[in-house]
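Close look at the chain arrangement
These are the residues of each chain, in order.
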Amino acid sequence: MSSSSRSRLSVQQSVAMVWRTLRSMRTALILLLLLAAASVVGSLIPQVPNSPERAAQFLDTHPLLGDLYLRAGLFDVFGSWWFTLITVLLFVSLIACLIPRTRATWRALRARPIQAREIDAFRHYGERETALTPDEAIEVARRTLRRRRFRVARDPERAALAAEKGALRETGSLLFHWAFILILVGVVYGKGTGFSGFALVVEGDTWIDAQANYDGQIRTGRFFDGEFTGVGLHLNEFESAFRETGQPMDFVSRVELLDPSGTPIRSQDIRVNHPAKIEGITIYQSSFGWAPVIRVADGGRVIFDDAVPFSRQEAPEGVPQLAMPWRGVVKLPSLRPQVAIDLELWPDSRAFLEQLRTGTPVAMLTSFDPVMRYTVYEGRLTDPSPVSLDVRLMDKTASGIVGAGTRADLATGKLLEDGATPVGPSVTFTDLKQYSVFQVAKDRGVPIVLVAAILILLGLLPALYSSRRKVWVRAVPSEGGARLQVGGFALQRKVQFEEEFDRLVDALAQAPGHGPADAEREKVRTR
Amino acid sequence: MTTLEWARISNDAFNVALFSYLAAMVGYFAFLAFGRDRIWKIARAVAFAGLAANLVSIAARGLAAHRVPWGNMYEYSCLLALLVVAGYLVIVEGVYKQRALGGFALMFSVLTMAVAVSFLYVGPGPLVPALNSYWIKIHVQAAIWGSSLFALGGIVTILYLFQDRRERVRIDVLRAEQPAPIMGGSIDMHAPPDLVGDASDEPGTSLERTGVLPPAATLDLIAYRIIAFAFPIWTFAVIAGAIWAQEAWGRYWGWDPKETWSFITWTIFAGYLHARATSGWRGRKSAVIALVGFVALLITYYAVNLWIVGLHSYAK
Ligand code: HEM
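Residues numbered from 1 in each chain as written. Chains lettered and ligands numbered in written order. Predicted model: local features only at pLDDT ≥ 70, side-chain atom pairs only at ≥ 80, totals over all residues. Heavy atoms only, no water.

Comments concerning the coordination of the iron atom of the ligand
Here the iron atom of the ligand is held by the protein donor atoms His 177 of chain A (NE2) and His 274 of chain B (NE2), which lie 1.8 to 1.9 Å from it. Note that the iron atom of the ligand binds six donor atoms; their angles at the metal cover 86 to 179°, and the shape is octahedral. One end of the pair, His 177 of chain A, is in helix α7 (residues 167-193); the other, His 274 of chain B, is in helix α7 (residues 257-275), on a second chain. Just as His 177 of chain A is buried, His 274 of chain B falls in that class too. (Donors = N, O, S within 2.8 Å, 3.2 Å for Na, K, Ca; no water. Tetrahedral: all angles 85-135°; square planar, octahedral: opposite > 155°, others 65-115°. Helix = DSSP H or I, 4+ residues; strand = E, 2+ residues; numbered from the N terminus. Buried < 20%, exposed > 50% of the residue type's maximum accessible area, 1.4 Å probe, protein only.)

Notes on the interface of chain B and chain A
Contacts between the two partners involve 53 residues from chain B and, on the opposite side, 53 residues from chain A. Across the chain B/chain A interface, buried area totals approximately 4400 Å², and carbon plus sulfur atoms make up 65% of it. Counting every contact that joins chain B to chain A gives zero salt bridges. For the pair chain B and chain A, the number of links is four residue pairs in polar contact (both at pLDDT 80 or more). The element contributing the most residues to the side of chain B that touches chain A is helix α6 (residues 216-249) of chain B, with 15 residues. The residue inventory of the side of chain B that touches chain A, partitioned by class, reads 33 nonpolar, 14 polar and six charged. (Contact = heavy atoms within 4.5 Å. Buried area = accessible area lost by both parts, 1.4 Å probe. Salt bridge = Lys/Arg side-chain N within 4 Å of Asp/Glu carboxyl O. Polar contact = N/O pair within 3.5 Å; in protein donor to acceptor, adjacent residues only side chain to side chain. Nonpolar A, V, L, I, M, F, W, Y, C, P; charged D, E, K, R; others polar.)

As for the sheet that holds strand β16 (residues 371-379) of chain A
Strand-to-strand pairing in sheets goes through backbone hydrogen bonds, with the strands running parallel or antiparallel. All names here are of chain A. In space, the five strands of this open sheet follow the order β13-β14-β15-β16-β17, with antiparallel pairing throughout. One side of each edge strand has no neighbouring strand; the edge strands of this open sheet are β13 (311-312) and β17 (394-403). Of the pairings in the sheet, the one linking strand β15 (residues 338-346) to β16 comprises nine bridges and is antiparallel in character. Residue Ile 341 lies in a different strand from β16, and its bridge partner there is Val 376. (Pairing = 2+ DSSP bridges.)

Quick word on the packing of aromatic side chains
Here the structure, examined in full by the defined rule, presents 35 aromatic pairs over all chains. Summarising the aromatic geometry, the rings of Phe 58 of chain A and Phe 75 of chain A are spaced 5.8 Å apart at their centres and angled 70° between planes, so their arrangement reads as edge-to-face. One end of the pair, Phe 58 of chain A, is in helix α3 (residues 52-61); the other, Phe 75 of chain A, is in the loop between α4 (63-72) and α5 (81-110), with 17 residues separating them in the sequence. We classify Phe 75 of chain A as buried; its relative accessible area is 4%. When the ring of Tyr 301 of chain B is compared with that of Tyr 302 of chain B, the centres are 4.7 Å apart and the planes differ by 85°; the resulting orientation is edge-to-face. Using a relative accessible area of 18% as the deciding quantity, one classes Tyr 302 of chain B as buried. Chaining the aromatic ring pairs together yields one cluster made of Phe 78, Phe 83, Phe 176 and Phe 180 of chain A together with Phe 231, Trp 253, Trp 255, Phe 263 and Trp 266 of chain B. The ring of Phe 368 of chain A has Arg 350 of chain A sitting right over it, with the charged end atom 3.8 Å from the ring centre. Lying over the aromatic face of Trp 40 of chain B, Arg 99 of chain B brings its terminal NZ or CZ to 4.5 Å of the ring centre. (Phe/Tyr/Trp six-rings, centres within 6.5 Å; stacked < 30°, edge-to-face > 60°. Lys NZ or Arg CZ within 6 Å of the ring centre and 35° of its normal.)

Observations concerning the pattern of salt bridges
For the coordinates displayed, the defined rule picks out 30 salt bridges over all chains. Close ionic contact of Arg 67 of chain B with Glu 75 of chain B constitutes a salt bridge, the shortest N to O distance being 3.1 Å. Residue Arg 67 of chain B shares its accessibility class with Glu 75 of chain B, and that shared class is buried. Put simply, Glu 237, Glu 239, Arg 254 and Asp 269 of chain A are held in one network by salt bridges that share partners.

Some details on the nonpolar core
Counting residues in each nonpolar core, the largest one holds 125 residues, and the members touching the most others are Tyr 88, Leu 101, Leu 106, Phe 150, Ile 226 and Phe 231 of chain B. The contacts of Leu 101 of chain B, once residues within four sequence positions are left out, are Tyr 88, Val 92, Val 156, Leu 159, Leu 213, Pro 214 and Leu 219 of chain B. Ranked by size, the runner-up nonpolar core spans 29 residues in total, among them Val 293, Val 339, Ile 341 and Ala 408 of chain A. (Core = buried A, V, L, I, M, F, W, Y, C linked by side-chain atoms within 4.5 Å.)

Structure (structure tokens):
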């Protein structure tokens, strides 16, 4: 053989070999185990989509290892190219395996059971005498088998038949394997055409579903059409309830849903586990917090008057999260020099006083005479973010405490009596509201995935539990009428089949109106 | 009765259950050692008594907390222990008529309960809002049923690997004595080797019994049947969990550590089911996969809840 023809052959051969390899059960098995191994890695290394802070922390503490992980995509295993590769190969393998199997099953389902030549050669064999003619006996056996859900084929030449049962096993297996492909379709379609993001709404405000109104990043699918619904959500009230231990009991956002023209559609309570669905988007309760309403006036002119969502400060080891004050910033870029007010909210002033007096942190379960500690900075605002503050180019000019309904002078840090005239701008803590954060998501693939999941379960049951049985019956003339010869074998659950077979042989010989077969002349053998 | 009284009844019944299981375990091992029917009957009766106490403890816990008694790790462990013992008595002794494995199943439940009462105990109380859902109740129930059956399957698999090894050693010894071919017969491509009487053409069983355990082929089959029973239940648990996640968090799947590990467990057992239908992977190799699945299950159950952070960690 020349070397060129050898290489040409080997290209064909290698394609065929790859295909054969993909089709083999062993490949599927190894890919499944690889998928499991990759997932283990993903659960041990902090993942950016799930916990970005922990991933960043890991990078800080292990710079070398972290860099290696970063290159290998180990901080986002489930979005990495190699995880996708394993999944794709698994699905290619699955399809390669399913197509021929489906075709074969389809043919087998339509084919008639094949007649056997030597019935007594099967693993199970029994004989019974009946008083019927051979043709009658076979007809009785045929009906009995049909009643027991066997597919039966009558031998056209003899008084004989062949029967099978348990096609559901293979059909079920095919059904749930195909359903995995349906899951993939549902996931890709849903994620591809959907989006998910967070909406922060203060009590009394109305939020409109539009790109600009989302808090932070929106995760959009590759094929997302970019059209937001324009529906509105008016937050009437947010309520949270905690137990003494600080364990949350319930939180609920009482909202009014509005159609894109602003007309109210319905009122609804959104809780954890009870999202609102409207116009194809689903709105979930995600988190919540305090939003003090702050007014800043300079002379007679109000320069800031708004609810400011505060964020919860991370609790150090051993301090209950609910004992932590909340933090927020008000920036006044229009003033010269520019001004920033750094605020620390204590929703429950009793906890604040207790901590001042004894130093022990106390959980704040509700609001009670809230107070804010503030620090005023002047200089140049460099950080555009509404929630963080960079004071490197600023000087601290005053600080103080302001309670709900009271007003303070930002220049001196002193509280102002009603009607008093401040030296500089004044800050008023007019009200304490709450805000609620909603996760808003659109995923049109959910019903597809759900249907696929149900199909998987439906297919799995017969695939694992039903058993295939094959039975052949022949009736030969004897002096009393006919001798029924029955052979059979089981592909699964063979032990059970022994007894099952005996009972079946009895049933087959039992013609309606005749008694049970003559016990003395019966003969059953199992090999 | 008051919450406190119910809580006390629950704790007392827990102790009765734990010590009954311990006594029954000793009894079953004594039965293994001495082979007396009387010992087995007593051990079995004690195990049933433990089962009853375990059930009372769980019910009283529910009455104390005014909710379903499966809301935290301690309660999951009580249910797990109950279902492993019940599963053993019903499936292994009831269906497969094997009495030699009781000590091992009981040992698992004793350890589970000991860990629960030492490290995981919390008083009865209401659920956090995220756990207060219809689907979570279904999801947890299915997950515990699946876990207990996988655990039982894992225990039988360990015994299979042990027994298989002993039988191999026996075969080698016999081979050395008389060079007649002992191995032989083919295994049906479509099905696992079947039970005792039928397994005459399988390697290993042509010998007389090796030791006190049932033949390896029998153990292999029982393990397979139990795992095949558990697999759809686990699948359902994962699906129910996804439905719950969709309602609570707005996404049915997010690779949260608990989700990831239940997926890993599921994938490994799916691998096991495939391995049994793959030539060259039957027997020891597939049993090792089941064993890895068992370890993954324990990680899903303990490590993820206790050490790996995630949205699920408030389920503690
Ligand atoms: C995606 C995850 C998969 C799961 C969870 C899964 C699960 C299962 C289960 C539970 C069985 C039944 C085993 C039995 O009847 O004893 C099975 C059978 C089978 N699977 Fe999969 N499978 C998956 C993917 C695949 C892939 C990718 C292939 C393609 C190579 C494949 C090929 C087969 C074959 C050929 C059988 C039939 C075994 C038999 O009937 O003897 N599976 N699978």
